[in-house]
Amino acid sequence: MQDNIFLEEKGQPKKQFLFSDDELNSSYLTIKENSEWSLFFKEPSNGKLYMDGLDLLLDERINHDDGGLFIQASDRPYYIYDHRQNDKKYLPGLYRLKLVTPEAIKYSWLKIVPKFLSEGSLELMRQDVENTVKGLARSFRANVNGSLSNYSAFLSFEELQALSVLNENYKKFNSNSYFISQLPRVKTTPYYAWSRNVKHSIDNRSVIKMSMQKRNNALYLKNYKLTANTSENGVLKRELIDILNIVNHIQSNLLNIAGKINSSSIQEDLDLVNRYRLKINYILSNTWLKDVKAVYDIGGAANAYLDHRYIFFRDLQWKLLHVSNFQPRFERQYQYYWHRTDLLYEIWGYIKVLEALNNLGFKPQRGWIYDNKNLDFSGLKSGTCVYMCCTKDSKFKYHMNLKVKYDSVIRPNEANKVTPSDPLWYSSSHNRPDIRIEIYDQDMIFQNAIILDTKYRRLKDINSFKKGGALEQLNSYHDQIFSPYPFETDKYSKYKYFNYEANYKATNSILDVGALYPGDYKNVSDQSDILKEGRPKYIVLNPKILRSDALMSFLRDCFEKQEQLFERFEKWDKDWQILRNNGSLSNPVDGSF
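Residues numbered from 1 in each chain as written. Predicted model: local features only at pLDDT ≥ 70, side-chain atom pairs only at ≥ 80, totals over all residues. Heavy atoms only, no water.

Caption draft 1: Structural context of helix H6 (residues 308–321). For H6, spanning 14 residues, the distance from its first C-alpha to its last is 20 Å, which sits close to the expected 20 Å at 1.5 Å a residue. Turning to H6, its buried residues number three or more, namely Arg309, Tyr310, Phe312, Phe313, Leu316, Gln317 and Leu320. Along the long axis of H6, the arc covered by the buried residues comes to 155°, so they all point the same way. (Helix = DSSP H or I, 4+ residues; strand = E, 2+ residues; numbered from the N terminus. Expected span 1.5 Å × (residues − 1). Buried < 20%, exposed > 50% of the residue type's maximum accessible area, 1.4 Å probe, protein only. Arc of directions from axis to C-beta.)

Structural data, given as structure tokens:
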């Protein structure tokens, strides 16, 4: 029966799913993303195959019931990836298959690995992007001052996940810690003591004791007292010790990172883990739990799990010990609104550009997550624009304002359709770069632009005019995007006298074009900081390359070109005054002479 559920790709051996009664110990098949595998489900005819990620596909045969999305037996395959529907496909990740028949329920798994990135790199990108768009603190902090920081690449996936768990659960941890330290679960336990209170009972043990030893006017009586020294509290102590060990490990790594880079986000996370550490140490050392022995057999703790406080600590300990199980699919079943790894790389690239600009001395002012001071979730959509400007810390002499646009269309296709707020026009079919940095002077008059395009491909495929190549597109960005500004404004029109091309509205306005690509991680040169030269510049951007300066070097060079233009304007101003004083100019406003 299960032999009729398998994967096929042209030129590859058939891959057969193996199903098991045990969901977590089932075997899995591994395929590479963007490979044209087809899923065949031929039998049983009365079965339903529930599969994670079916919402990523476009197929009218996909059904839905209370158990979720499922498919049924069919002679036609279900396409895991079809190049004709590139936006409807399975992404890298781990997907559960659940086969339900009237007789049994069986499980198997499908694992899709990234094509151009390692799984660790892909997870770092996902973590970076999710932390950013949700306004979380660690990877990309956006506060009202616009400060940015990033240190996610220095931590393992498990450590990042553990920090997420600790962040999400701190309020509950704080309240449960207080109440459990004040009001633990207790039980009554018997004890014997000499007493004159005859209300207490006498049993055989009392009689034997009193026959062997006598005290004046006192009886050896049985009594009862409350004690917290129970198996469930012993289990609680063991759980708190486990949590403390994990917290101490994370704190040690954070302190190590803090010694290498300066980041307010690290300090915030250090404060968090330190609060956990202090509270747990206090409970273990200064409360009733001090005299309780840790229990490693959880069989006697069943009653505790009717108490929400004990349930909380059990769940927190379990999550922290099993963070490696919580791959993105389990914890956030593709909460992103994008459905392609290349699009994830594109969005991550935009984040890295903002970080690089920040490091060069440009601070965000508004746009995207900077419009929301409480840092609620704000998705990165096509046409998003972040406004940035130079600060006193900038290395540049001249004040520059930036508009950093994501997936924004250059709409005018004629020079006479441009406006000061929409200053560019194009003369080719390529008018939608992934990232466009527009540079404005202190009066918000457009100067030039920088184009960056993300390419989730190999360099040899990018640097080609063949089908699937990108060289024609990148060259078009370089040569066929124009603007009449700044020379069409009153402030700059006089410079037409010194710049012959400025008298034409087809002035090239692109300082440079860069292509961001993940690189071949097996290629040593792709792991370096070297900026690969070409007509467009090729920039390796990979989350596994921790300290690459290639992107920042590219941007710095572009801004230095703009600085040279500002210097040229200053020189022309001096020349202009000399010509005016000599009577060589008749109308300085329109540049006529």
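Next, the rest of the story.
Caption draft 2: Representation of the pairing of strand E21 (residues 537–540) within the structure. Both faces of E21 are covered, namely the face carrying Lys537 and Ile539 and the face carrying Tyr538 and Val540. Sheet topology places strand E20 (residues 510–517) next to E21; four bridges connect them, and they run parallel. Each residue of the ladder has a partner; that of Leu516, found in E21, is Ile539. (Pairing = 2+ DSSP bridges.)

Caption draft 3: Structural context of the sheet that holds strand E6 (residues 63–65). On the basis of which strands lie adjacent, the open sheet formed by six strands has the order E3-E10-E9-E5-E7-E6 and mixed pairing. Across the chains shown, the open sheet's two edge strands, defined by having one partner strand only, are strand E3 (28–32) and E6. The mean angle between the axes of side-by-side strands here comes to 30°, regardless of whether they run parallel or antiparallel. Across four bridges, the pairing between strand E5 (residues 48–51) and strand E9 (residues 93–100) is antiparallel. Following the sheet pairing, Met51 is matched in E9 by Leu97. (Axes fitted to C-alpha atoms, helices over the stretch in contact; angles between N-to-C directions.)

Caption draft 4: Inspection of the side chain of Asp59 at higher detail. By secondary structure assignment, the location of Asp59 is in the loop between E5 and E6. Reaching out from Asp59, the side chain makes a polar contact with the side chain of Arg61 at a distance of 2.8 Å. (Polar contact = N/O pair within 3.5 Å; in protein donor to acceptor, adjacent residues only side chain to side chain.)

Caption draft 5: View of the sheet that holds E20. Taken together, seven strands build an open sheet; the order of strands is E13-E14-E15-E17-E18-E20-E21 and the sheet is mixed. Because the sheet does not close on itself, it has two edges, and the strands there are strand E13 (362–366) and E21. For this sheet, the mean angle separating the axes of adjacent strands, direction not counted, is 25°. Two elements, strand E14 (residues 385–390) and strand E15 (residues 401–406), share five bridges in a ladder whose sense is antiparallel. Counterpart to Cys389 in the pairing with E15 is Asn401. Here helix H10 (residues 471–479) sits on the sheet in contact with strand E18 (446–454), E20 and E21, set at roughly 155° to E20. Against the sheet, helix H11 (residues 550–581) contacts E13, E15, strand E17 (435–440), E18, E20 and E21, and its axis sits at roughly 165° relative to E18. (Contact = heavy atoms within 4.5 Å.)

Caption draft 6: Structural view of unusual backbone geometry. With an omega of 0°, the peptide bond running from Glu43 to Pro44 counts as cis. One non-glycine residue with positive phi stands out, namely Asp407, at about 50°. One can find Asp407 in the loop between E15 and strand E16 (425–426). Judged by relative accessible area, which is 13%, Asp407 ranks as buried. You will see that Met444, though not glycine, has its phi angle at about 60°, which is positive. Inspection of the secondary structure assignment puts Met444 in the loop between E17 and E18.

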